[in-house]
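Structure at a glance
As a plain string of letters, each chain reads:
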Amino acid sequence: MNDGDSGRKLLYDPHIFFCLEENQAQPGHTCCAEKGAMDLFGHMRAFAKQNGVTGIRINRASCLKRCENAPIMVVYPEGVWYAVRTKEDVEAIVKSHIMEGRPVDRLIVAPGDAAPQELDAVEKAE
Ligand code: FES
């Protein structure tokens, strides 16, 4: 495990930061906790463990300032941001990104992106 160019060894690979903010969302947005982040966080940790993923660290985070995409998380060392809504979403990230090295394109939010259209459609249906 290293961070590529520098050759430094990483303590955790991957290292995931999952926003569980409860009441400090940016103005006009709902915090990740109110959108089910805690259940998704717990499920991701359990699913990774069930699947024997090693070297992983999934940390609780405060507001990551991307509340428009809540619930949101970021996977390092790649720095890939994901907006997640369901347990199937976090399972897909563990299976595809973490275990197979293939990011889950349908859930990625690039820097500056608003919520993916797929997620907007889900919110409107709720
Ligand atoms: S409350 Fe989660 S990104 Fe702001």
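From a predicted model like this one, the values you see are computed outputs, not experimental measurements.

1. Let's talk about the overall build of the chain
- Scanning the chain from terminus to terminus reveals three helices and four strands.
- Reading the chain from its N terminus to its C terminus gives the helix and strand order β-α-β-β-β-α-α.
- The buried share among the 126 residues of the chain stands at 28%.
- For the chain, restricting intrachain contacts to residue pairs at least 6 apart in sequence, the fraction spanning at least 24 positions comes to 62%.

2. What about the environment of Met-44?
- Within the secondary structure, Met-44 sits in helix α1 (residues 37-50).
- With 48 residues separating them along the chain, Met-44 and Ala-92 place their C-alpha atoms 9.8 Å apart.

3. Description of helix α2 (residues 87-100)
- With 14 residues, α2 should cover 20 Å at 1.5 Å per step; its first-to-last C-alpha distance of 18 Å lies within 8% of that length.
- When we look at burial in α2, the residues that qualify are Asp-89, Val-90, Ile-93, Val-94, His-97 and Ile-98.
- Once α2 finishes, Gly-101 follows within two positions and takes phi at roughly 75 degrees, a positive value.

4. Observations regarding the nonpolar core
- Counting residues in each nonpolar core, the largest one holds 27 residues, and the members touching the most others are Phe-18, Cys-19 and Tyr-82.
- The set of elements that each furnish at least two residues to this core consists of β1 (15-19), α1, β3 (72-76), β4 (80-83) and α2.
- For this core, the leading source of residues is α1, giving five residues.
- With residues up to four places along the chain from it excluded, the contact list for Cys-19 reads Cys-32, Ala-37, Ala-61, Cys-63, Leu-64, Ala-70, Pro-71, Ile-72 and Met-73.

5. A few points about unusual backbone geometry
- Of note, the bond from Asp-13 into Pro-14 is cis; its omega dihedral lies within 30 degrees of zero at 10 degrees.
- Along the chain, the position of Pro-14 falls in the segment before β1.
- For the bond from Tyr-76 to Pro-77, the omega torsion is 20 degrees, close enough to zero to count as cis.
- One non-glycine residue, Lys-65, lies in the positive phi region at around 65 degrees.
- Checked against the element boundaries, Lys-65 lands in the loop between β2 (57-61) and β3.
- Look at Lys-65 and you get partly exposed, because 13 C-beta atoms sit within 10 Å.

Conventions and cut-offs
- Residues numbered from 1 in each chain as written.
- Predicted model: local features only at pLDDT ≥ 70, side-chain atom pairs only at ≥ 80, totals over all residues.
- Helix = DSSP H or I, 4+ residues; strand = E, 2+ residues; numbered from the N terminus.
- Buried ≥ 20, exposed ≤ 12 C-beta atoms within 10 Å, placed from the backbone.
- Contact = placed C-beta atoms within 7 Å.
- Expected span 1.5 Å × (residues − 1).
- Core = buried A, V, L, I, M, F, W, Y, C linked by C-beta atoms within 7 Å.

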